[in-house]
Amino acid sequence: QVQLAESGGGLVQAGGSLRLSCAASGRTFSSYVMGWFRQAPGKEREFVAAITGSGGLTKYADSVRGRFTISRDNAKNTVYLQMNMLKPEDTAVYYCAAEPPRDGAGWGRGDFGSWGQGTQVTVSS
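Right, let's walk through the structure included here. (Residues numbered from 1 in each chain as written. Predicted model: local features only at pLDDT ≥ 70, side-chain atom pairs only at ≥ 80, totals over all residues. Heavy atoms only, no water.)

Before going further, it helps to examine the state of the cysteines. Defined simply, a disulfide is a covalent bond joining two cysteines at their sulfur atoms. Throughout the structure, instances matching the rule amount to one disulfide. Through a disulfide, Cys22 is tied to Cys96; the S-S separation comes to 1.9 Å. Classification of the bridge connecting Cys22 and Cys96 rests on its S-S torsion, roughly 50 degrees, and on that basis the disulfide is right-handed. In this pair, Cys22 is assigned in strand 3 (residues 18–24) and Cys96 in strand 9 (residues 92–99), connecting sequence segments 74 residues apart. For the pair Cys22 and Cys96, a shared accessibility class is recorded, and that class is buried. (Disulfide = S-S within 2.5 Å. Helix = DSSP H or I, 4+ residues; strand = E, 2+ residues; numbered from the N terminus. Buried < 20%, exposed > 50% of the residue type's maximum accessible area, 1.4 Å probe, protein only.)

Before going further, it helps to spend a moment on the pattern of salt bridges. This structure, assessed with the given rule, holds four salt bridges. In this structure, the salt-bridge partner of Arg38 is Glu46, at a minimum N-O distance of 2.6 Å. In this structure, Asp62 engages Arg65 in a salt bridge whose closest nitrogen and oxygen atoms are separated by 2.5 Å. Here the salt bridges share partners, and the residues they tie into one network are Arg38, Glu46, Arg67 and Asp90. (Salt bridge = Lys/Arg side-chain N within 4 Å of Asp/Glu carboxyl O.)

Let us look at the environment of Gly116. By the element assignment, Gly116 lies in the loop between strand 10 (114–115) and strand 11 (119–124). Take Gly116: its relative accessible area is 13%, and that puts it in the buried class. Spatially, the C-alpha atom of Gly116 lies 22 Å from that of Glu89, the residues being 27 residues apart in sequence. Sequence-distant contacts of Gly116, defined by excluding residues within four places in its chain, comprise Leu4, Glu6, Tyr95 and Cys96. (Contact = heavy atoms within 4.5 Å.)

On to the sheet that holds strand 7 (residues 68–73). The strand order 1-3-8-7 describes an open sheet built from four strands, whose pairing is antiparallel. Edge positions in the sheet fall to strand 1 (4–7) and strand 7, since each of these pairs with one other strand and no more. Adjacent strand axes in the sheet meet at a mean angle of 15 degrees, parallel and antiparallel pairs treated alike. Pairing of strand 3 with strand 8 (residues 78–83), which is carried by six bridges, proceeds in the antiparallel orientation. By the bridge assignment, Cys22 is partnered in strand 8 with Val79. (Pairing = 2+ DSSP bridges. Axes fitted to C-alpha atoms, helices over the stretch in contact; angles between N-to-C directions.)

Quick look at the nonpolar core now. The nonpolar side chains of a soluble globular protein tend to be buried with one another. With 30 residues, the main nonpolar core has Met34, Trp36, Leu81, Met83 and Tyr94 as its most contacted residues. The set of elements that each furnish at least two residues to this core consists of strand 3, strand 4 (33–39), strand 5 (46–51), strand 7, strand 8, strand 9 and strand 11. Residues contacting Tyr94, with those up to four places away along its chain left out, are Glu6, Leu20, Trp36, Phe37, Arg38, Val48, Phe68, Leu81, Met83, Gly118, Thr119 and Val121. Ala50, Ala97, Trp107 and Phe112 belong to the second-largest nonpolar core, a separate cluster that totals six residues. (Core = buried A, V, L, I, M, F, W, Y, C linked by side-chain atoms within 4.5 Å.)

Listed below in structure tokens is the structure:
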């Protein structure tokens, strides 16, 4: 497993931008699928975005596609979530997560076993 720590959350007005970072420990970071999830008050945790170990493939939830971009810097053991055109409904605690790859394309099974502590994102209207 890897240890994860998110940063970069905060309060922003609707239409604004934030960049979240997730720093990971471990020498095998570059092999892990990294994901971002979020949980709003009273709601289930939901998938936001994911990226393969090489950074060559990405996935997004329909609700954020075209506004959010996931990326990673394996030399810095860090994954990022650039969030643009933020909406009040993006308000949530954002978590990064990691899982080992399971298929030839570099994706896992969606069974993320390592999680960060979360960072709060609040978008005001």
